[in-house]
Amino acid sequence: EAGVVQSPRYKIIEKKQPVAFWCNPISGHNTLYWYRQNLGQGPELLIRYENEEAVDDSQLPKDRFSAERLKGVDSTLKIQPAELGDSAVYLCASSLQAGLAKSGELFFGEGSRLTVL
Amino acid sequence: RKEVEQDPGPFNVPEGATVAFNCTYSNSASQSFFWYRQDCRKEPKLLMSVYSSGNEDGRFTAQLNRASQYISLLIRDSKLSDSATYLCVVNLYSGAGSYQLTFGKGTKLSVIP
């Protein structure tokens with residue numbers, strides 16, 4: 001079975017440019033997460049979706065970040081315009097909604113490494 | 001106080017050694033706890049859950065002390081392949097069927113030949 005798929009794996013852009021990341025979760029996983037991981041830090045939640053509904057976006061910098069999960073399956077995270085401080089790895093994860101509390105198991109994609117010059 | 005705190009390390013230990021990592025959490029209402037492992041430039045993966053009574057999985061032992069809000073991970077007979085960053089994760093029920101997973105910064109382990 002395929003895991004969480006993300007693209008692109010690497011992206012280098014100049015500041016003020018837009019960038020978009022795509023994620024396809026594991027089939028059947030209702031819950032999708034976008035995390036940001038800075039060097040030497042743990043992942044920090046940006047947004048969580050239950051199906052197509054964003055149920056927790058409190059940590060998403062809404063002035064420049066946006067996300068969507070239109071059909072409740074794959075998702076896109078966009079940054080416009082990018083700033084130097086946005087350089088990080090953007091991780092997508094998915095989980096079975098009902099299983100999260102007990103198993104705590106999130107399945108992460110390999111991440112999209114963004115460098116803003 | 002940060003929600004989840006870990007000693008970042010690095011812990012440099014010889015093969016065969018026993019090493020322990022600690023983690024503290026600030027929210028006493030936190031309900032479940034986990035250790036994740038993250039290899040260099042890879043994604044985090046669940047290593048094991050942490051149960052109140054303590055639990056073991058091969059060479060790995062996890063323990064929870066709710067009174068002290070403290071979690072630990074013990075690795076016995078360290079292998080070179082154990083070299084990774086170990087992330088402490090705390091799960092807090094935030095109401096209406098929602099759960100919030102908070103990750104620590106991670107503790108880096110290097111097992112040396």
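Structure: above.
Everything numeric in this text was worked out from a predicted model, so none of it was measured.

(A) Quick look at the nonpolar core. By size, the foremost hydrophobic cluster in this structure holds 23 residues, and its most contacted members are B:Phe21, B:Trp35, B:Ile71, B:Leu73, B:Ile75, B:Tyr86 and B:Leu109. Sorting the residues of this core by element identifies β3 (19–25), β4 (32–38), β5 (44–50), β7 (60–65), β8 (70–75), β9 (84–95) and β11 (107–112) of chain B as the ones contributing at least two each. Look past the residues within four positions of B:Leu109 in its chain and what remains in contact with it is B:Phe11, B:Val13, B:Val19, B:Phe21, B:Ile75, B:Asp82, B:Ser83, B:Ala84 and B:Tyr86. Within the second largest apolar cluster, 21 residues are counted, among which are A:Cys23, A:Leu60, A:Ala82 and A:Cys92.

(B) Molecular detail of the interface of chain B and chain A. Each partner contributes residues to the interface: chain B has 17 residues there, and chain A has 20 residues. For the pair chain B and chain A, the two sides together bury roughly 1700 Å², of which 50% comes from carbon and sulfur. The interface formed by chain B and chain A includes zero salt bridges. Where the side of chain B that touches chain A is concerned, the elements lending two or more residues are β4, β5, β9 and β10 (98–103) of chain B. Residue composition of the side of chain B that touches chain A, by class: eight nonpolar, six polar and three charged.

(C) Inspection of unusual backbone geometry at higher detail. Across the junction of A:Ser7 and A:Pro8, the peptide omega takes the value -10°, indicating a cis bond. In this structure, A:Pro81 follows A:Gln80 across a cis peptide bond, with omega equal to -5°. Among the secondary structure elements, A:Pro81 is positioned in the loop between β8 (75–79) and β9 (88–95). Residue B:Asp77 is not a glycine yet carries a positive backbone phi of 50°. By the element assignment, B:Asp77 lies in the loop between β8 and β9.

Calculation notes
- Residues numbered from 1 in each chain as written.
- Chains lettered and ligands numbered in written order.
- Predicted model: local features only at pLDDT ≥ 70, side-chain atom pairs only at ≥ 80, totals over all residues.
- Heavy atoms only, no water.
- Core = buried A, V, L, I, M, F, W, Y, C linked by side-chain atoms within 4.5 Å.
- Buried < 20%, exposed > 50% of the residue type's maximum accessible area, 1.4 Å probe, protein only.
- Helix = DSSP H or I, 4+ residues; strand = E, 2+ residues; numbered from the N terminus.
- Contact = heavy atoms within 4.5 Å.
- Buried area = accessible area lost by both parts, 1.4 Å probe.
- Salt bridge = Lys/Arg side-chain N within 4 Å of Asp/Glu carboxyl O.
- Nonpolar A, V, L, I, M, F, W, Y, C, P; charged D, E, K, R; others polar.

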